[in-house]
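Architecture and fold: a report
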Amino acid sequence: MEQSMPRTAGLYEVKEGDTAQSVSAACRVPAAALIAANGLTEFPPPGSILVIPAAEGETYIVRAGDTLSSLCKQFGMAEEEFVRLNGPLVYPTQRVWVRRPPRKNGASPSGTGE
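Described below are features of the structure shown in this document.

Calculation rules
Residues numbered from 1 in each chain as written. Predicted model: local features only at pLDDT ≥ 70, side-chain atom pairs only at ≥ 80, totals over all residues. Heavy atoms only, no water. Helix = DSSP H or I, 4+ residues; strand = E, 2+ residues; numbered from the N terminus. Buried < 20%, exposed > 50% of the residue type's maximum accessible area, 1.4 Å probe, protein only. 1 Å grid on protein atoms, 1.4 Å probe; cavity = no way out; pocket = protein on both sides within 12 Å on 5 of 7 lines; lining within 4 Å. Points joined across faces, edges and corners; volume = space filled by probe spheres on them. Nonpolar A, V, L, I, M, F, W, Y, C, P; charged D, E, K, R; others polar. Axes fitted to C-alpha atoms, helices over the stretch in contact; angles between N-to-C directions. Parallel < 35°, antiparallel > 145°, perpendicular 65-115°, else oblique. Contact = heavy atoms within 4.5 Å.

Unusually for a residue other than glycine, Thr93 sits at a positive phi of about 80 degrees. Position of Thr93 relative to the elements: it lies in the loop between helix H4 (79-86) and strand E4 (95-98). Judged by its relative accessible area of 67%, Thr93 is exposed.

What follows is the structure, encoded as structure tokens:
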């Protein structure tokens, strides 16, 4: 059975000071997706080339008062899926990956209210 390769949106050259979180935010992909697409167990040194997986879904900027549970409910996601895509912690201004627009309260998927 062949292992499927991630669809790529491009390549990224690691720079001094980069982290999985900073690269994923800059490239607008979940850190977990970046790590999985590159088979990382630790972040590579500067000069390394990372595959940036293609986006599937949308991003949302976490607001004050949002919780893991409330975001899962709002976007109709299982907690396991949310954690796999974004990690277990959420904090205001964090960009998280979601599968569909919010279900209620008129919030936009970008979290900007636009």
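There is more to say, and it comes next.
What follows covers the layout of surface pockets. Reported here for the largest pocket is a volume of approximately 380 Å³. Forming the boundary of the largest pocket are 20 residues, of which Gln21, Ser24, Tyr91, Gln94 and Arg95 lie nearest the centre. Secondary structure elements with two or more residues in the lining of the largest pocket: helix H1 (20-27), helix H2 (31-38), H4 and E4. Broken down by class, the residue content of the lining of the largest pocket amounts to 11 nonpolar, 7 polar and 2 charged.

By the secondary structure assignment, Phe82 is in helix H4. By relative accessible area, which is 0% here, Phe82 ends up buried. Sequence-wise, Phe82 and Trp97 are 15 residues apart; in three dimensions their C-alpha atoms are separated by 7.7 Å.

H2 packs onto H1 with a crossing angle of 105 degrees between their chain directions and a minimal axis gap of 8 Å. Between H1 and H2, the angle is such that the two are roughly perpendicular. In this structure, H1 contributes Ala20, Gln21, Val23 and Ser24 to the contact, and H2 contributes Ala31, Leu34 and Ile35.

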